[in-house]
Structure formats: structure tokens, C-alpha cells
Amino acid sequence: MVAVREVQKHFGDHHVLKDIDLDVARGEVVVIVGPSGSGKSTLCRCLNRLETITSGTITIDGVPLPSEGRELADLRAEVGMVFQSFNLFAHRTVLDNVALAPRIVSKVPLKKAREEGLALLDRVGIADKADRFPGELSGGQQQRAAIARALAMKPKLMLFDEPTSALDPEMVSEVLDVITSLAEEGMTMVVVTHEMGFARRAADRIVFMDDGRIVEDTTPERFFTRAESDRARAFLSKILAH
């Protein structure tokens, strides 16, 4: 589904991504972990061209990442993304937020878009909040609404960029439970997260990044019990000690 080859990314003189090679198979859940500033979120954002790469190639489902125009819009319709901040439209109800893109982008009739949106809100456990505005919801509920909104376009790939980092601790599990259920349903996903318990439970593969490079690409069991690199072992010793 995703093929990244020899990708480099610079922000001015800062070399953020260095020689990135990564494959994500259809139906696979790849969790990217690593210290802050390692390039995790930048790599995630490059996968739907929210950030442009300096060199290298990225293909999604066999198609090279478009640079602009209609092709890029079509790609983004097929690649859902959930951010740290929820990015919901504050002046629209939760249901309107979810139904908007299918109506505008895919020309789905209003009644059908709202019916499908309500089903998605039910799927993420907040159907009773359909007529509320985002500001009336908790952070966890807003993030679940954002997941429903991304799913409304029936994406072939879902990207999550630290989806729980802006949440209070008691709200983290309700969002991770939704993402875990998507994994169990076979959704292809790339998830950037600091939640090691989730990574261990839901990932098919763990990608550990440090200083703009992929240092390890392995199974959760191997990563958490027999990490090969000194850098990964040092990272885990700090993370798992708390």
C-alpha cells in the first residue's frame, strides 16, 4: 500500500529525514516511535504531502504521490489523517463535520451523508453527540469525532500523528480503543505515538526512528524484548521506567 524509497527531507539547513525506506502492506498496522525531534511526524505528514520531500519517492497503492492539483486532492480523499489537534469546524455540529467532506468532495446526497455520518459516530461511540458542537465535547470525544470524519471518505489508508498527545490521561484509552478496533477490522494504518502499551498491543510492526533515520523496523515482541540498537534500548529504558 505504501512504498517509501530513499526519502530525504530538509527544512532549510536542517536535515530532518535521512535515507528513509519503508513499506506498509495492505491491512498492516505500522507504529512509528522514537524520541521527540526524530522525524516521526514529518514522515507521517509526507505520506499525504502535507510536507513535501526533498528527494526520493513515495507511492500509495502503486501511484506516485502527486505534487498538486486534482490528483493530490483525489489522493487525500483516499488517505485519512488524524492530527494531535482535532481540527474540527467549531461552528458546525459534530455530524455536520463528519458529513461535510463526502458531500463536498464526493457529491454524496445530504441525507445519505448524514446517515453514513451517524453510523460512523455510532462506530466511535459518540452517536449521542451528533447534534452538539465540538466545544461542547471532551477532548477524547472530539478526537473520536475527528476519526469518524476521516473515515467518512472511506480511506484505503489512515495516518495518525500522535492522536492522543493533546488529551488528558483519562481520555487516552477511549481514543486508542477506537484505533485498535480499526486495526482489528483490517484498516491499513500508520500511527505515530508515544503510547507504548498501544504500540505493543496493536502494531504489526514497530518502526523506531532517531535523528531522522529508521534505526529499527521489527515486530513488537522483538522490539520490546530484544531491541538490537543501543539507541532503542536506551529509549525503552527511559520510556518503560515510568
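Residues numbered from 1 in each chain as written. Predicted model: local features only at pLDDT ≥ 70, side-chain atom pairs only at ≥ 80, totals over all residues. Heavy atoms only, no water.

Per an unreviewed UniProt entry, the protein chain goes by the name ABC-type polar-amino-acid transporter and belongs to Microbacterium testaceum. A UniProt comment under Sequence similarities (unreviewed entry) is attached to the protein chain, and it reads "Belongs to the ABC transporter superfamily." Recorded under Subcellular location (unreviewed entry), the UniProt text for the protein chain is reproduced unchanged: "Cell membrane". (UniProt positions renumbered as here; feature names shortened; annotations may be inferred.)

Under the counting rule described, the total for this entry stands at one cavity of 30 Å³ or more. Of the pockets and cavities examined, the largest cavity occupies roughly 40 Å³. Every residue lining the largest cavity is listed: Val98, Ala99, Pro102, Ala113, Glu116, Gly117, Leu120 and Ala152. Contributing elements (two or more residues each) for the lining of the largest cavity: helix H3 (94-104) and helix H4 (110-123). The leading source of residues in the lining of the largest cavity is H4, at four residues. Here the residues of the lining of the largest cavity sort into six nonpolar, one polar and one charged. (1 Å grid on protein atoms, 1.4 Å probe; cavity = no way out; pocket = protein on both sides within 12 Å on 5 of 7 lines; lining within 4 Å. Points joined across faces, edges and corners; volume = space filled by probe spheres on them. Helix = DSSP H or I, 4+ residues; strand = E, 2+ residues; numbered from the N terminus. Nonpolar A, V, L, I, M, F, W, Y, C, P; charged D, E, K, R; others polar.)

Now for the packing of aromatic side chains. This model, assessed by the stated rule, comprises three aromatic pairs. Taking the centre distance of 5.2 Å and the plane angle of 50° together, the rings of Phe208 and Phe235 count as tilted. Residue Phe208 is located in strand E9 (residues 205-210), and its partner Phe235 is located in helix H9 (residues 230-239); the two are separated by 27 residues in the primary sequence. Comparing Phe208 with Phe235 shows no difference in burial state: the two are buried. (Phe/Tyr/Trp six-rings, centres within 6.5 Å; stacked < 30°, edge-to-face > 60°. Buried < 20%, exposed > 50% of the residue type's maximum accessible area, 1.4 Å probe, protein only.)

What follows concerns the side chain of Arg205. Mapped onto the elements of the fold, Arg205 is located in strand E9. Judged by relative accessible area, which is 16%, Arg205 ranks as buried. Looking at Arg205, its side chain comes within polar contact range of the side chain of Asp217, at 2.8 Å. Beyond its immediate chain neighbours, meaning those up to four positions away, Arg205 contacts Leu22, Asp23, Val24, Glu28, Val29, Val30, Val31, Asp217, Thr218 and Pro220. (Polar contact = N/O pair within 3.5 Å; in protein donor to acceptor, adjacent residues only side chain to side chain. Contact = heavy atoms within 4.5 Å.)

The next subject is the UniProt feature "domain: ABC transporter" (unreviewed entry) in the protein chain. The positions that UniProt labels "domain: ABC transporter" (unreviewed entry) are, in the present scheme, residues 2-236. This span, residues 2-236, is 39% helix and 25% strand, and a straight line between its end C-alpha atoms measures 27 Å.

Using the criterion set out here, one finds 22 salt bridges in the structure. Measuring nitrogen to oxygen at the nearest pair gives 3.9 Å for the salt bridge that ties Glu51 to Lys9. Here Glu51 is found in the loop between helix H1 (40-46) and strand E4 (55-60), whereas its partner Lys9 is found in strand E1 (residues 2-11), with 42 residues between them in sequence. The salt bridge partner of Asp128 is Lys129, with a shortest N-O separation of 3.9 Å. The class for Asp128 is exposed, based on a relative accessible area of 59%. On the basis of relative accessibility, which here comes to 16%, the residue Lys129 falls in the buried class. Several salt bridges converge on common partners, so that one network encompasses Arg26, Asp61, Glu78 and Lys156. (Salt bridge = Lys/Arg side-chain N within 4 Å of Asp/Glu carboxyl O.)

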